[in-house]
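Observations on the three-dimensional arrangement
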Amino acid sequence: MENTKFSGQPIIKQILSFIRTKNVYRTASEYKSDRYTKSFTTYEHLITMVYSVLSGCSSLRELSSIMLACQGKLSHLGLKHYPRRSTISDANKRRNSKVFEAIYYQLYNEYKVFLSDSREQAIAIKGLKIIDSTTITLFSDILKGAGRKPISGKKKGGIKMHTLINANEDVPSLVKFSSAATHDHTFLKELELKKGSYVVFDKGYNDYDQYEQWTLEDIYFVTRQKENAVYDSIEEFELDYKTDDAILKDERIRLVKKDGNTFEIRRIAFWYEEHQKVYEFITNNFELTAEKIADIYKNRWQIETMFKRLKQNFPLKYFLGDNQNAIEIQIWVSLIVQLILLIIQRKAQRKWAYSNMVSVIRYHLMSYINLFKFLKNPEADFQFLTTIQSEQFALF
């Protein structure tokens, strides 16, 4: 007799429902990523890597073994046969990571409307964009590492992920990769910002020429002043009685560039009680209050939280390939999974900590239960949680 408890789809299939098969094949056609492939298409490659990221696999052997053990259920993943280690390895090496980048942006544009939440109330200014980078350490000499060569003579390689996020979305809207040794400020030239935009970043992105260009284009930035900055104070603005006591100084300064040319900018000295430290902010906006400028910089920490969430929940310590292309594929797929699970977290009817939700989903990947019913009431009777046809994705 057939067991009706196992009717419907496992959680992994419900998660994959967010990825439209026809869109992946269309993108693969545009990038010609299946031109020389008789089997293991871009779609199958993507699904295999999504499964790897969700299950937390740390090696090709582990991934291949787990998928072999689940061979009877591979049809749920859209796979006809389980992929061998050599098949995955060759695909990670030869299939250009650009197609996975395109799939990420496609999903981002499709689902970003669901990403905004109550966090928007805490954003200092509407439309704020945040820039930062994170270095993913590599234990092989694939990309040049940053910093001086250690005494041992061996230096870990690293790939730097330069990222732009919209403050109300909490996922990358732009990502560029470079070696860890590449200076951050080069990323600023990749941005296409509209007039009136506000962007915040740390002092590692210092670029006076870019600051001047943005000022001419009415694009506003907030960052910290470098310790070795050369400048003259032109005018100190009076602080009225309403000004927060943490604001120590608000002034117009003249910054001196390396070529000796100068330009004017606003400088704000802010006492951060929690760190017992003075922070010096610079901006090209003279209209907002000094407190608002400080609040904008505080929002920069949101991107640090995003990086922490990505690294803690997805395996970016162990890579399924020893070349730059394979590493970029795994990062793009991790970003895809982070995006989908963040949407699920935002739409779940019960508040879940992201890491807790990921752990529960990872444990139940092959369980035949309705994901949203489960997240709403994980203690419910198993019969209640199972379903023949899942209606949960209708809202998307």
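Being a predicted model, the structure only gives us computed values, none of them experimental.

Things to note about the overall build of the protein chain
In terms of helices and strands, the protein chain carries 13 helices and nine strands. When burial is assessed residue by residue, the protein chain has 52% of its 396 residues classed as buried. The long-range share in the protein chain, meaning contacts at least 24 apart out of those at least 6 apart in sequence, stands at 62%. Put simply, the protein chain shows about 20,400 Å² of open surface, and 47% of that area lies on carbon and sulfur atoms.

Observations regarding the confidence of the model for the protein chain
Chain-level pLDDT for the protein chain is 85 on average; 86% of the residues reach the 70-or-more range. Within the model, pLDDT remains below 50 along residues 1–7, and this stretch shows eight contacts once partners closer than five positions in the same chain are excluded. Scored below 50 in pLDDT, residues 140–156 makes 31 contacts in the model with residues more than four places away or belonging to other chains.

Details of the side chain of threonine 27
Mapped onto the secondary structure, threonine 27 falls in helix 2 (residues 21–31). Residue classification places threonine 27 among the buried positions, given a relative accessible area of 3%.

Describing helix 3 (residues 42–55)
With 14 residues, helix 3 should cover 20 Å at 1.5 Å per step; its first-to-last C-alpha distance of 20 Å lies within 8% of that length. Within helix 3, 14 of the 14 residues are buried, which leaves it mostly tucked inside the rest of the structure. Of the residues trailing helix 3, glycine 56 is marked for its positive phi of about 80 degrees.

Here's the deal with the pattern of salt bridges
Evaluated as defined, the whole model comprises 21 salt bridges. With its nearest N and O atoms 2.6 Å apart, the salt bridge here joins arginine 267 to glutamate 280. Residue arginine 267 is located in strand 8 (residues 262–272), and its partner glutamate 280 is located in strand 9 (residues 277–283); the two are separated by 13 residues in the primary sequence. Taken together, the salt bridges that share partners define one network made up of Asp132, Asp202, Arg300 and Glu304.

So, empty space enclosed by the protein
Summed over the entire model, instances satisfying the criterion amount to two cavities of 30 Å³ or more. Empty space within the largest cavity amounts to approximately 90 Å³. Contributing elements (two or more residues each) for the lining of the largest cavity: strand 8, strand 9 and helix 8 (290–298). Residue contributions to the lining of the largest cavity peak at three residues, all from helix 8. The class makeup of the residues in the lining of the largest cavity is seven nonpolar, no polar and one charged.

The rules behind each value
- Residues numbered from 1 in each chain as written.
- Predicted model: local features only at pLDDT ≥ 70, side-chain atom pairs only at ≥ 80, totals over all residues.
- Heavy atoms only, no water.
- Helix = DSSP H or I, 4+ residues; strand = E, 2+ residues; numbered from the N terminus.
- Buried < 20%, exposed > 50% of the residue type's maximum accessible area, 1.4 Å probe, protein only.
- Contact = heavy atoms within 4.5 Å.
- Areas by Shrake-Rupley, 256 points an atom, 1.4 Å probe, with all protein chains shown as cover.
- pLDDT = per-residue confidence, 0-100.
- Expected span 1.5 Å × (residues − 1).
- Salt bridge = Lys/Arg side-chain N within 4 Å of Asp/Glu carboxyl O.
- 1 Å grid on protein atoms, 1.4 Å probe; cavity = no way out; pocket = protein on both sides within 12 Å on 5 of 7 lines; lining within 4 Å.
- Points joined across faces, edges and corners; volume = space filled by probe spheres on them.
- Nonpolar A, V, L, I, M, F, W, Y, C, P; charged D, E, K, R; others polar.

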